[in-house]
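Take a look at the letters that make up each chain.
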Amino acid sequence: MRVLVVDDEARLARSLKIGLEAEGFAVDVARDGTDGLWLARENPYDAIVLDLMLPGINGYKVCETLRAEENWTPILMLTAKDGEWDQVEGLDTGADDYLTKPFSFPVLVARLRAVIRRGSGERPTVLESGDLRLDPAARRVWRGETEVRLTAREHALLAFLMRHRGDVVSKQQILDAVWDMAFDGDPNIVEVYIRHLRNKVDRPFGRQAIETLRGAGYRLASNGG
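Residues numbered from 1 in each chain as written. Predicted model: local features only at pLDDT ≥ 70, side-chain atom pairs only at ≥ 80, totals over all residues. Heavy atoms only, no water.

- If you look the chain up in an unreviewed UniProt entry, it shows as DNA-binding response OmpR family regulator from Nocardioides daedukensis.

### Let's talk about the nonpolar core
Moving on, step 1. Grouped together as the largest cluster of nonpolar side chains are 24 residues, with contacts concentrated most on Leu-158, Leu-161 and Ile-174.
Moving on, step 2. Within the residue set of this core, elements represented by two or more residues are β7 (132-135), α6 (152-163), α7 (171-179), α8 (189-202) and β11 (217-220).
Moving on, step 3. Element by element, the count of residues in this core is highest for α6, at six residues.
Moving on, step 4. Setting aside chain neighbours within four positions, we find Leu-158 in contact with Leu-132, Leu-134, Val-141, Leu-150, Leu-197 and Val-201.
Moving on, step 5. Residues Val-6, Leu-39, Cys-63 and Tyr-98 belong to the second largest nonpolar core, which totals 19 residues. (Core = buried A, V, L, I, M, F, W, Y, C linked by side-chain atoms within 4.5 Å. Buried < 20%, exposed > 50% of the residue type's maximum accessible area, 1.4 Å probe, protein only. Helix = DSSP H or I, 4+ residues; strand = E, 2+ residues; numbered from the N terminus. Contact = heavy atoms within 4.5 Å.)

### Let's talk about the sheet that holds strand β4 (residues 75-79)
Sheet strands pair by backbone hydrogen bonding; their relative direction is either parallel or antiparallel.
Moving on, step 1. In space, the five strands of this open sheet follow the order β2-β1-β3-β4-β5, with parallel pairing throughout. With partners counted over all chains shown, the strands left at the sheet margins are β2 (26-30) and β5 (97-100), one partner each. Between one strand axis and the next, the sheet turns through 20 degrees on average, direction left out of account.
Moving on, step 2. In the sheet, strand β1 (residues 2-6) pairs with β2 via five bridges, with the strands oriented parallel. Residue Val-5 lies in a different strand from β2, and its bridge partner there is Val-29.
Moving on, step 3. Of the strands in this sheet, β3 (47-50) and β4 touch helix α3 (residues 59-68), which is tilted by about 170 degrees from β4. (Pairing = 2+ DSSP bridges. Axes fitted to C-alpha atoms, helices over the stretch in contact; angles between N-to-C directions.)

Quick look at the structure:
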């Protein structure tokens, strides 16, 4: 598997290259956003590890540009920016995962393998399921012609369900994707937010798109209900 590391910290980039090569990856390194974007365009990588604060072009712009060009190579953002909205912006520009510095190298490898397993399928700008539409970048949702107001967490949950429409997703999968892998609160919080979504995107419109499969998880009907 071939990976591109884009990071301007020489010591960290070198350590990542050595560590990932020891794990069986072939690794290319770029020290700024301009070179990183060029390499990502020119080579068929299995994944990209992308810093945000880069000389030339920042990581947000690199990711946004690749997605606009329909380059769907999985991207793991790696950065010292750990604010909630920094993570939201990174994911909304098209990243597949987000890891903050300092980080555990085994966790980085596990997350990298996870995004590679998910593959490089197309990620449309606007998610659609029947007459249910969601714009991740603008954080707007519509049922038909009616705009539905959601909180940031409700929006993230609906986006996850829409990206997996037709599939059964477990409560743990939702926690990992919508909260984070280190979440140690009450897992029943998922049920609370599922209920919130139903009260906003289903019941007012006479729909039952969000299904509960007892003992398995949840599923958004592929036709939007």
